[in-house]
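Chain by chain, the residues run as shown.
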Amino acid sequence: MSNGYQDSKLKIFSLSSNRPLAEEIAANMGVDLGKSTVTTFSDGEVRISIEESVRGYDVFVIQSTSEPVNQHILELLIMIDTLKRASAKTINIVIPYYGYARQDRKARAREPITAKLVADLLQESGASRIISLDLHAPQIQGFFNIPVDQLAGIPILSRYLEEKNLQDVVVVSPDHGSVSRARQLADHLKAPIAIIDKRGPRETEVGESNIVGNIDGKTAILIDDIVDTGTRMTSGTKALIEKGAKEVYACCTHPVLSGIAMEKIENSQLKELIVTNSIPIADEKKLDRITQLSVAPLLSDAITRVYEERSVSPLFD
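Residues numbered from 1 in each chain as written. Predicted model: local features only at pLDDT ≥ 70, side-chain atom pairs only at ≥ 80, totals over all residues. Heavy atoms only, no water.

The chain is annotated in an unreviewed UniProt entry as Ribose-phosphate pyrophosphokinase of Sediminibacillus albus. For the record of the chain, the UniProt heading Pathway (unreviewed entry) holds the text "Metabolic intermediate biosynthesis; 5-phospho-alpha-D-ribose 1-diphosphate biosynthesis; 5-phospho-alpha-D-ribose 1-diphosphate from D-ribose 5-phosphate (route I): step 1/1." Heading Function (unreviewed entry) of the UniProt record for the chain holds this comment: "Involved in the biosynthesis of the central metabolite phospho-alpha-D-ribosyl-1-pyrophosphate (PRPP) via the transfer of pyrophosphoryl group from ATP to 1-hydroxyl of ribose-5-phosphate (Rib-5-P)." (UniProt positions renumbered as here; feature names shortened; annotations may be inferred.)

**Some thoughts on the sheet that holds strand 14 (residues 290-293)**
Judged by pairing direction, the sheet is mixed, and its seven strands sit side by side in the order 10-9-8-11-12-13-14 without closing on themselves. Strands with a single pairing partner mark the edges of an open sheet, and in this sheet they are strand 10 (208-212) and strand 14. Going across the sheet, the axis of each strand differs from the next one's by a mean of 25 degrees, ignoring polarity. Pairing geometry for strand 13 (residues 272-276) and strand 14, over four bridges, is parallel. Looking across to strand 14, one finds that I274 is bridged to T291. Sheet strands touched by helix 4 (residues 154-163): strand 11 (219-227), strand 12 (247-255), strand 13 and strand 14. Its angle to strand 13, the strand with the most contacts, is close to 140 degrees. Of the strands in this sheet, strand 8 (169-173), strand 9 (193-199), strand 10, strand 11 and strand 12 are in contact with helix 6 (residues 231-242), which crosses strand 11 at around 165 degrees. (Pairing = 2+ DSSP bridges. Helix = DSSP H or I, 4+ residues; strand = E, 2+ residues; numbered from the N terminus. Axes fitted to C-alpha atoms, helices over the stretch in contact; angles between N-to-C directions. Contact = heavy atoms within 4.5 Å.)

**Things to note about helix 5 (residues 179-189)**
Within helix 5 the residues assigned to the buried category are R181, A182, L185, A186 and L189. Around the axis of helix 5, the buried residues are gathered within 135 degrees of arc, so they sit on the same side. Those residues of helix 5 hidden inside the fold are in contact with helix 4, strand 8, strand 9, strand 11 and strand 12. (Buried < 20%, exposed > 50% of the residue type's maximum accessible area, 1.4 Å probe, protein only. Arc of directions from axis to C-beta.)

**A closer look at the domain arrangement of the chain**
As far as domains go, the chain holds domain 1 (10-151) and domain 2 (154-293). For the pair domain 1 and domain 2, the summed buried surface comes to about 1100 Å²; carbon and sulfur atoms form 50% of the total. In terms of surface lost to domain 2, no three residues of domain 1 exceed Y97, D134 and H136, which account for 43% of the buried area on that side. In this structure, the connection of domain 1 to domain 2 is made through one salt bridge. Our enumeration of links across domain 1 and domain 2 arrives at eight residue pairs in polar contact (both at pLDDT 80 or more). Along the lines of polarity and charge, the residues of the side of domain 1 that touches domain 2 split into four nonpolar, five polar and three charged. (Domains from an automatic or database assignment. Buried area = accessible area lost by both parts, 1.4 Å probe. Salt bridge = Lys/Arg side-chain N within 4 Å of Asp/Glu carboxyl O. Polar contact = N/O pair within 3.5 Å; in protein donor to acceptor, adjacent residues only side chain to side chain. Nonpolar A, V, L, I, M, F, W, Y, C, P; charged D, E, K, R; others polar.)

Pasting the structure below:
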């Protein structure tokens, strides 16, 4: 998709977290990435230089706040401040993966709500709009007083799964909290759903897992928004196989894949893990059974619609 924006008042910049995705978005839109550099002083302080005029431009900044999360958030805040002081017309932040989203409420006494804190920081720095993908908690949109466009990864994942022509499919939620997401995928695949009812700590393999729904002899597809340590996906796969599933696939939008997640996935009975490139996977971490799908066409379309002042709502489906 090339819309000929090379001579327009649109500029796209990339920071450090996901430059390959930013390059793909820029190529789709027929523009060059804006010229900027991210360096550090000798004590580790972030320094950003924008090497071309942005005065009067609608600027879009691509940055997933993934590992190292704090570094990438600080880069983003400094970039926003730089653009504001350079008289950009609008500062639109494209955050494919929004870090700290899992701390969206006080689950226990004396806990922070860091999803709201990050939202406040982005707004106070001068962001005009947020474009994100599958926020961990939809209510995070309400933490902002600026427009937030939350796009969905499920249509991308479902198209890939449909092309595999899997038989006797059942979509499985890894817990009760992810049922809505499982239902959305099931509607796309025209399949029933099942739920893993796990008793015990959420992110450990300790505890008993019961399956609500019929998975016997079926191809199970586990769905979540994030795979972090891999525990829920691998323990869920084990439970499904033990309860009679023929084979297990898993999919998610955001491949955080921290710690020994890759080792767990490699040693599991999981047939394939399907993810997007909202977070890049380092070459040394890549596994044959992990398939990464691009969200660049979706984000390119969203940026185009925002820039042209057209409705973004058709992309929500």
